[in-house]
Amino acid sequence: MEDTMKKYAIGVDIGGTNIAIGLIDDNDHLISMDSVETPQEGTASEIIYCVVSMINKMLYEMEVTEESIECIGVGVPGTVNKESGKIEFANNLAFHDEDLVGMLKERYNKIPIAMNNDANAAAYGEFIAGAGKDVNSLIMVTLGTGIGGGIIIDRKLYEGMNYAAGELGHIVINCEGIACNCGRRGCFEAYASATALIEQTKAAMKKDKESILWELCDYNLEKVEGKTLFDSVRLLDKTAEKVMNQYIYYLSVGIINIINIFQPDMVCIGGGISKAGDLIISRLLKRVQEEEYARASNKHSRIVMAQLENDAGILGAGLLVRHANMKCE
Ligand SMILES: [Zn+2]
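Conventions used here
Residues numbered from 1 in each chain as written. Predicted model: local features only at pLDDT ≥ 70, side-chain atom pairs only at ≥ 80, totals over all residues. Heavy atoms only, no water. Pairing = 2+ DSSP bridges. Helix = DSSP H or I, 4+ residues; strand = E, 2+ residues; numbered from the N terminus. Contact = heavy atoms within 4.5 Å. Axes fitted to C-alpha atoms, helices over the stretch in contact; angles between N-to-C directions. Core = buried A, V, L, I, M, F, W, Y, C linked by side-chain atoms within 4.5 Å. Buried < 20%, exposed > 50% of the residue type's maximum accessible area, 1.4 Å probe, protein only. Donors = N, O, S within 2.8 Å, 3.2 Å for Na, K, Ca; no water. Domains from an automatic or database assignment. Buried area = accessible area lost by both parts, 1.4 Å probe. Salt bridge = Lys/Arg side-chain N within 4 Å of Asp/Glu carboxyl O. Polar contact = N/O pair within 3.5 Å; in protein donor to acceptor, adjacent residues only side chain to side chain. Parallel < 35°, antiparallel > 145°, perpendicular 65-115°, else oblique. Left-handed = near helix turned anticlockwise from the far one by under 90°.

1. Regarding the sheet that holds strand β12 (residues 302-305)
Part 1 of the reasoning: Taken together, five strands build an open sheet; the order of strands is β10-β9-β8-β11-β12 and the sheet is mixed. Each of the sheet's edge strands pairs with one partner strand only, and the pair in question is β10 (156-157) and β12.
Part 2 of the reasoning: Bridge analysis of strand β8 (residues 138-143) against strand β9 (residues 147-153) gives six bridges, and the strand direction is antiparallel. Note on β9: the bridge partner recorded for Leu-143 is Ile-147.
Part 3 of the reasoning: Its contacts with the sheet put helix α8 (residues 238-262) on β8, β9, β11 (266-270) and β12, and the angle it makes with β8 is roughly 155°.

The following block contains the structure:
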């Protein structure tokens, strides 16, 4: 396939566990993807070496020339300073203050390249190509190890003056609450992340040896995951139902705060937990409808599960550069 038109974008998602890349066609569809494990304790140059070999392999396999690549967008788990192009703070990577964009640029010097926070990229991916295709404002809340956030207002990603806006996991929902690794107490993510849900489930199990939760995790607390709780709720286990209601309460407090601030068209919930779908959404909606400030209005923010799963980060990283007129090196 000989094609000199610039019509492909490349999205790269560098995570603490995996590095994933994807080729995006001119209809914003992901047409090919690949992922490898992130080199543990990997230096910036080791990671860039990985990314470059993955990109080259993909271009070769898809018979796409470098000349037809319009841009490369990179998502990283950290705060990206758009002025310096450097990662200022990365939670799950073994380095910081490295100029990843500059290093990639040495290899692909004719292609515009830019970097973004991975939660922002995931929000933008869902907005352009997933659950948020038909809305103007969307807040993405990703329930994982922590809680990731991304804010799209009037079709634009909102980044804040330090490019660190959207840290929705660190809004406080309980002033005297659990200490968070950000230095505050009672952060949303300490109560409503997937990690928190699992801890809450384990604590309840220790108090109820009869619960079916035990059977569903092979009587091994180490095997408890979100699914253990959701399956037990479906089996009408009383302890599971209690944990679920408490968890939904925490989740709803954070989500209602977000809705009261932004009044977004849509709140999109991502992360592994989003697979529980209606089990969470129906309970959450009930609380939101009872407590949100504008509950008497005719229109309400839609609350939906994300559609793209892991693809959102790759797509969003590429599409942010394609659509958002980001400053590129
Ligand atoms: Zn915090």
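2. Quick word on the nonpolar core
Part 1 of the reasoning: In terms of nonpolar packing, the biggest core is built from 44 residues, with Val-141 and Ile-255 touching the most fellow members.
Part 2 of the reasoning: Tallying contributions element by element places α8 first for this core, with 11 residues.
Part 3 of the reasoning: With 34 residues, the next largest nonpolar core counts Ile-21, Val-76, Ile-111 and Met-115 among its residues.

3. Considerations on the sheet that holds strand β4 (residues 69-76)
Strand pairing within a sheet occurs via backbone hydrogen bonds; the two strands may be parallel or antiparallel.
Part 1 of the reasoning: In spatial order, the strands read β3-β2-β1-β4-β7; together these five strands make up an open sheet with mixed pairing. The outermost strands of the open sheet, each flanked by one partner alone, are β3 (30-37) and β7 (113-117). Direction aside, neighbouring strands of the sheet carry axes that sit 15° apart on average.
Part 2 of the reasoning: As paired strands, strand β1 (residues 8-14) and strand β2 (residues 18-24) are joined by six bridges and run antiparallel to one another. Paired with Ile-10 across the two strands is Leu-23, which belongs to β2.

4. Side note on the coordination of the zinc ion
Part 1 of the reasoning: Those protein atoms acting as donors to the zinc ion are His-170 (ND1), Cys-180 (SG), Cys-182 (SG) and Cys-187 (SG), and they sit at 2.0 to 2.3 Å.
Part 2 of the reasoning: Donor residues binding the zinc ion come from one chain and are separated in sequence as H-x9-C-x1-C-x4-C.
Part 3 of the reasoning: Cys-182 gets classed as partly exposed once you look at its relative accessible area, which sits at 37%.

5. Considering the pairing of strand β5 (residues 78-81)
Part 1 of the reasoning: Judged from the four bridges that link them, β5 and strand β6 (residues 86-90) form a sheet pairing that is antiparallel. By the bridge assignment, Thr-79 is partnered in β6 with Phe-89.
Part 2 of the reasoning: Where β5 folds back onto β6 in an antiparallel hairpin, the turn is made up of four residues, including Gly-85, whose phi is positive at roughly 75°.

6. A short note on the domain arrangement of the protein
Part 1 of the reasoning: Entries for the protein in the domain assignment read domain 1 (8-125 + 311-323) and domain 2 (134-305).
Part 2 of the reasoning: The partner domain 2 presents 13 residues to the 12 residues of domain 1 that form the contact.
Part 3 of the reasoning: Note on domain 1 versus domain 2: buried area summed over both sides is about 980 Å², and carbon and sulfur give 56% of it.
Part 4 of the reasoning: Sorting the residues of domain 1 by area buried against domain 2 places Lys-82, Asn-120 and Ala-123 first, and these three jointly supply 45% of that buried surface.
Part 5 of the reasoning: The interface formed by domain 1 and domain 2 contains one salt bridge.
Part 6 of the reasoning: Its salt-bridge partner being Lys-82, residue Glu-159 comes within 2.2 Å of it at the nearest N-O pair.
Part 7 of the reasoning: Along the contact surface separating domain 1 from domain 2 lie two residue pairs in polar contact (both at pLDDT 80 or more).

7. A closer look at the packing of helix α1 (residues 44-62) against helix α2 (residues 100-107)
Part 1 of the reasoning: Remark: α1 packs on α2, axes separated minimally by 10 Å, with the N-to-C direction vectors making an angle of 45°. By the angle between their axes, α1 is oblique relative to α2. Handedness of the α1/α2 crossing: right-handed. The segment α1 lies against α2, with Ala-44, Ser-45, Ile-48, Val-51, Val-52 and Asn-56 engaging Leu-100, Met-103, Leu-104 and Arg-107.

8. Remarks on the side chain of Lys-105
Part 1 of the reasoning: You can see Lys-105 is positioned in helix α2.
Part 2 of the reasoning: For Lys-105, a relative accessible area of 18% corresponds to the buried category.
Part 3 of the reasoning: A distance of 2.6 Å separates a polar atom in the side chain of Lys-105 from the backbone oxygen of Ile-111.

9. Examining unusual backbone geometry
Part 1 of the reasoning: Even without glycine at this site, Arg-155 takes up a positive phi of about 70°.
Part 2 of the reasoning: The residue Arg-155 is located in the loop between β9 and β10 in this model.
Part 3 of the reasoning: Backbone geometry places Tyr-219, a non-glycine residue, at a positive phi of 55°.
Part 4 of the reasoning: Looking at where Tyr-219 falls in the secondary structure, it is placed in the loop between α6 (212-216) and α7 (226-234).
Part 5 of the reasoning: Residue class for Tyr-219 comes out exposed when judged on its relative accessible area of 58%.

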